[in-house]
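# Structural characterization, general
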Amino acid sequence: MTECIKPPSLKPGDTIGITAPAGPIDSKDFNRHLLFLEESGFRVTTGPHLYDRKGYLAGDDAARLSDLHVMFSDKEIHAVFCARGGYGTMRLLSGIDYDLILENPKILLGYSDVTALLSAVFKKTGLTVFHGPMVQGFADRNETTRSHLFQLLSSGRAPLNGDDQTKTLFPGKATGRLMGGNLTLLCHLLGTPYFPDLNQDLLFIEDRGESLYRIDRMLTHLELSGRLERISGLIAGRFDQCGEKEAINRLLKDRLARLHIPVLTDFPAGHGPDNIAWPLGIKSELDADAKTVKLLESCVSP
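Residues numbered from 1 in each chain as written. Predicted model: local features only at pLDDT ≥ 70, side-chain atom pairs only at ≥ 80, totals over all residues. Heavy atoms only, no water.

### Quick word on the sheet that holds strand β9 (residues 202–208)
- A sheet is described by the order of its strands in space; here eight strands give the open sequence β6-β14-β13-β8-β9-β10-β11-β7, paired in mixed fashion. Where the open sheet ends on each side, the last strands, each with one partner, are β6 (160–161) and β7 (167–170).
- Here four bridges tie strand β13 (residues 283–287) to strand β14 (residues 292–295), and the two strands are oriented antiparallel to one another. Bridge pairing links Ser-284 to Leu-295 in β14. (Pairing = 2+ DSSP bridges. Helix = DSSP H or I, 4+ residues; strand = E, 2+ residues; numbered from the N terminus.)

And the structure:
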């Protein structure tokens with residue numbers, strides 16, 4: 001297990017750069033979320049093409065890629081927050097200057113479609129990246145989600161605890177690097193150079209708006225690829241608007257039983273109001289009985 005690169009911590013007064021690698025944003029509504037970040041004690045700067053729009057994309061590929069590179073090359077920017085998900089991040093992966101990111105390690109935050117970017121950056125650079133709330137909707141997040149994020153990014157440690165909805169599907173403890181993200185995006189990365197290795201890792205998955213048979217198909221896809229048998233434990237986050245929770249839990253139990261690993265389900269992370277941030281690439285311990293994940297190392301540098 002290679003040691004990952006830790007980005008510098010986020011401190012009050014630091015500048016957060018905002019970029020949109022996927023879908024377009026509504027500038028009128030978006031401004032109040034930017035204001036909320038500023039009122040939380042940070043400076044905010046936006047990419048030159050943040051408000052571009054090209055159909056279902058936040059501008060053309062070259063513009064979105066350029067903004068991402070600007071975020072990492074600008075020495076005044078301390079962290080890079082993605083604006084929203086949607087679709088389009090995968091289109092950028094082959095054009096990213098990973099050496100630039102490696103030379104300028106910074107906090108990179110997002111989820112959903114941004115799973116592709118997080119996975120690619122970690123795979124190509126070893127930089128710890130963060131699966132968590134994006135700027136769109138940030139002001140509407142609950143206080144637990146927001147305070148956990150800032151604690152994690154500033155101190156490098158924060159409790160990752162289940163809530164009253166979290167269930168233990170298979171008991172036990174396991175250690176490994178935290179990896180994963182949106183299940184759909186992970187499956188689409190299979191067969192590319194950007195899919196995580198998953199060698200004795202703790203895999204986190206979540207999704208939104210997928211029917212039960214599609215979740216079944218994606219889990220089966222991961223199983224047939226031989227990737228699932230490599231993991232040491234699994235944490236399923238919120239599967240928002242994916243049908244009945246009990247049906248999802250039965251499916252997870254059926255598809256994962258043969259792995260003989262600890263599994264938690266309905267963890268408060270992913271789409272929906274609860275979106276606890278995860279530092280991907282950090283060695284951690286899953287305790288499925290206690291419904292907790294403990295970081296075994298800091299995820300940021302001082």
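Alright, that's what it looks like, and here's the rest.
### Focus: the sheet that holds strand β2 (residues 43–46)
- The strand order across the open sheet built from six strands is β2-β1-β3-β4-β5-β12, with neighbouring strands paired in mixed fashion. This sheet does not close on itself; its edge strands, each paired only once, are β2 and β12 (278–280). Strand-to-strand twist in this sheet, taken as the mean axis angle between neighbours without regard to direction, amounts to 25 degrees.
- Relative to strand β4 (residues 107–110), strand β3 (residues 79–82) is paired through three bridges, and the arrangement is parallel. From the neighbouring strand, Phe-81 faces β4, where its bridge partner is Leu-109.
- Seen against the sheet, helix α2 (residues 61–73) touches β1 (15–19), β2, β3 and β4 and runs at an angle of roughly 170 degrees to β1. (Axes fitted to C-alpha atoms, helices over the stretch in contact; angles between N-to-C directions. Contact = heavy atoms within 4.5 Å.)

### Considerations on the nonpolar core
- Grouped together as the largest cluster of nonpolar side chains are 101 residues, with contacts concentrated most on Ile-18, Phe-81, Ile-205, Ile-235 and Trp-278.
- Ranked by the residues each element gives to this core, the list is headed by helix α4 (residues 115–125), at six residues.
- Non-local contacts of Trp-278, meaning those with residues more than four positions away in its chain, are made with Val-129, Phe-130, His-131, Leu-160, Leu-178, Phe-204, Ile-235, Phe-267, Ala-269 and Val-293. (Core = buried A, V, L, I, M, F, W, Y, C linked by side-chain atoms within 4.5 Å. Buried < 20%, exposed > 50% of the residue type's maximum accessible area, 1.4 Å probe, protein only.)

### Quick word on the pattern of salt bridges
- With the rule as written, the count across this model stands at 20 salt bridges.
- In this structure, the salt-bridge partner of Glu-223 is Arg-255, at a minimum N-O distance of 2.6 Å. Taken together, the residues span a long stretch of sequence, with Glu-223 in helix α7 (residues 212–224) and Arg-255 in helix α8 (residues 245–256) at a distance of 32 residues.
- You can call Glu-223 partly exposed: its relative accessible area is 22%.
- On the basis of relative accessible area, Arg-255 is assigned to the buried category, the value being 14%.
- Taking the shortest distance from any N to any O, the salt bridge between Arg-258 and Glu-223 comes out at 3.0 Å. With Arg-258 in the loop between α8 and β11 (263–265) and Glu-223 in helix α7, the pair connects residues that are 35 residues apart, well separated along the chain.
- Overall, the relative accessible area of 48% leaves Arg-258 in the partly exposed class.
- Each member of the salt-bridge network shares a partner with another, and the members are Asp-163, Arg-238, Lys-245, Asp-266 and Asp-274. (Salt bridge = Lys/Arg side-chain N within 4 Å of Asp/Glu carboxyl O.)

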